[in-house]
Amino acid sequence: MEKMPMKLEEAAPMLNGDTAVVKQKVLTPQTPTNKNGFVSVDDLQPGSKRTLQGLLPQLLVSGAAFLLAAGAGMPIGYSAVLLPQLQVVNSTLPTDDEIGSWITSVHSAATPVGSFVSGLMMDKWGRRRVLQLCVVPLTLGWVMIAVAQSHVVILTGRIMAGLAVGLSAAPGQAKLELQQLVSRVHSEKESSSGNISSWRMFFKPQVLKPVAIVNVFHLVQIVSGTYLVIFYAVNLISETENEAGGIDKFLVAVLTAVFRLIFITIACFLLLWVGRRPLALFSGVGSSVAALGVGTFLYYRQPSSESLNTWIVAGFILTYVATNTVGFFVLPGIAIGELLPVKIRGAFGGYIFAIFNVLLFFMAKVFPAMLHTMGSHGVFWMFGMSSLLGTLFVYLFFPETKGKSLEEIEDYFAEKNVMWLTRKKHQNADEPLKA
């Protein structure tokens, strides 16, 4: 079918309002396309080649988004540093477990508010404006925490930081695949029989299936301890010290942070070379084995070998952090950008992130009571079993998206099959997702 002429600025408003990234260019039947019928990125830019001059602004914009994401992520783990200092005997602001759980969890309770607002704001004003706006509550929150002389001020600062994280999450991890979107938007515009609301679209299989998969993956991420270990690193390891003895809780807590940084860096490269499914399966199996190993060793430990106990427990915990990070920590966020259809990604990305933070708030709030009731060995058993169930879920339902276009992924979810394994029986995983 012959392509109709189309200006890119016509499609730009549908790309979450990011009109600034698109230059005017008319598409005609003579515009060169690749074998899949998509327009080459080189043909969408002035000149025949992408030069360093054109690449530098993209690197600066991406770097700014990543820097903001790092700044917004710091409040998430700050409770692990703050609580042990507030709960020492000679603390200038005595804090019990009840107040401590609120300081930890209120950040996640505030984040959904920012998430709901970010989806609407991003569709109306674009990612750039939303990212600029989130700097205000983030800075204000840190200032309040720094000068706080009461629990109320600390809690207010944590709320402000949580709002900033909610505002920044959806606009900072979604990506624009312009050459695919122009073709997809044009074809959908021709075939559409009128405007369909986002909530009516939700019940379409190509929307309902990926939304369900992402939400379940987030639940697995929470219950398997991914963020709980970050929130309560020192407290959790302190409880482990009581059971195993001889562990320097602050040293192990620092090592977990170092390992997480190292393996996040490694994950960035693995995502370029390894498929999403193998990485998730490796992470799930590794997390499960390590967490179950910690719990079992603590339960059956021999008190006479304190030095050996220390190294074994520390080794299991660091292995858990490393394997959990390369998959369960990074992949749920990536899944939002890769699985959700373009039309609903802005609004529903915010809703999904809000649901995630509501669940995270609940788990963070009750975790100290769980730790005291179950002990550290019971908590790690829970992490291990959750990781194992999460691995089974990934194996059955999570699709491979590496090397697949947005159009192929959306067409895959539009098919009747639900499980990835069902599809693999009649189609090779390396072939396009469409039937």
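In this text the structure is predicted, and so the values were computed from the model without any measurement.

1. Focus: the UniProt feature "transmembrane region" (unreviewed entry) in the protein
Here is step 1 of the chain: The sites that UniProt annotates as "transmembrane region" (unreviewed entry) are residues 59-79, 130-147, 207-230, 250-272, 279-300, 312-336, 348-367 and 379-398.
Here is step 2 of the chain: The span residues 250-272 is 100% helix and 0% strand, and its two end C-alpha atoms sit 34 Å from each other.

2. Considering the pattern of salt bridges
Here is step 1 of the chain: A full pass over the atoms with the stated rule returns two salt bridges.
Here is step 2 of the chain: A salt bridge links Lys365 to Glu98; the nearest nitrogen and oxygen atoms lie 3.3 Å apart. Of this pair, Lys365 sits in helix α15 (residues 342-397) while Glu98 sits in helix α3 (residues 97-125); the two residues are 267 residues apart in sequence, bridging distant segments of the chain.
Here is step 3 of the chain: Looking at Lys365, the relative accessible area reads 18%, which means it is buried.
Here is step 4 of the chain: Ionic pairing is found between Glu338 and Arg276, a salt bridge with its closest N-O pair at 2.7 Å. Of the two residues, Glu338 is situated in helix α14 (residues 331-339) and Arg276 in helix α12 (residues 276-299); the sequence distance between them amounts to 62 residues. Taken as a pair, Glu338 and Arg276 share a single burial class, namely buried.

3. Quick look at the nonpolar core
Here is step 1 of the chain: Phe217, Tyr227, Leu236, Leu339, Phe367 and Phe383 are the most contacted members of the largest nonpolar core, which totals 68 residues.
Here is step 2 of the chain: No other element matches the 17 residues that α15 contributes to this core.
Here is step 3 of the chain: Taken together, domain 1 (70-182) and domain 2 (201-421) each give at least three residues to this core, which thus spans both.
Here is step 4 of the chain: In terms of nonpolar packing, the next biggest core, distinct from the first, is built from nine residues, Leu68, Met121, Leu131 and Ala164 among them.

4. Re the packing of aromatic side chains
Here is step 1 of the chain: If you walk through the whole model with that rule in mind, you get 19 aromatic pairs.
Here is step 2 of the chain: An angle of 45° between the planes, with centres 6.0 Å apart, marks the rings of Trp102 and Phe361 as tilted. You can see Trp102 sitting in helix α3 and its partner Phe361 sitting in helix α15, a full 259 residues away along the chain.
Here is step 3 of the chain: Relative to Phe397, the ring of Phe393 has its centre 5.6 Å away and its plane inclined at 35°; by these criteria the two rings are tilted. Taken together, the residues Phe393 and Phe397, both in helix α15 and four residues apart, mark about one turn of the helix.
Here is step 4 of the chain: The exposure class assigned to Phe393 is buried, which follows from its relative accessible area of 13%.
Here is step 5 of the chain: When its relative accessible area of 25% is taken as the criterion, Phe397 is described as partly exposed.
Here is step 6 of the chain: One aromatic cluster is present, built from ring pairs that chain together Tyr232, Tyr320, Phe367, Phe380 and Phe383.
Here is step 7 of the chain: Here Arg260 stacks its cationic end above the ring of Phe329, 5.2 Å away from the centre of that ring.

The rules behind these values
- Residues numbered from 1 in each chain as written.
- Predicted model: local features only at pLDDT ≥ 70, side-chain atom pairs only at ≥ 80, totals over all residues.
- Heavy atoms only, no water.
- UniProt positions renumbered as here; feature names shortened; annotations may be inferred.
- Helix = DSSP H or I, 4+ residues; strand = E, 2+ residues; numbered from the N terminus.
- Salt bridge = Lys/Arg side-chain N within 4 Å of Asp/Glu carboxyl O.
- Buried < 20%, exposed > 50% of the residue type's maximum accessible area, 1.4 Å probe, protein only.
- Core = buried A, V, L, I, M, F, W, Y, C linked by side-chain atoms within 4.5 Å.
- Domains from an automatic or database assignment.
- Phe/Tyr/Trp six-rings, centres within 6.5 Å; stacked < 30°, edge-to-face > 60°.
- Lys NZ or Arg CZ within 6 Å of the ring centre and 35° of its normal.

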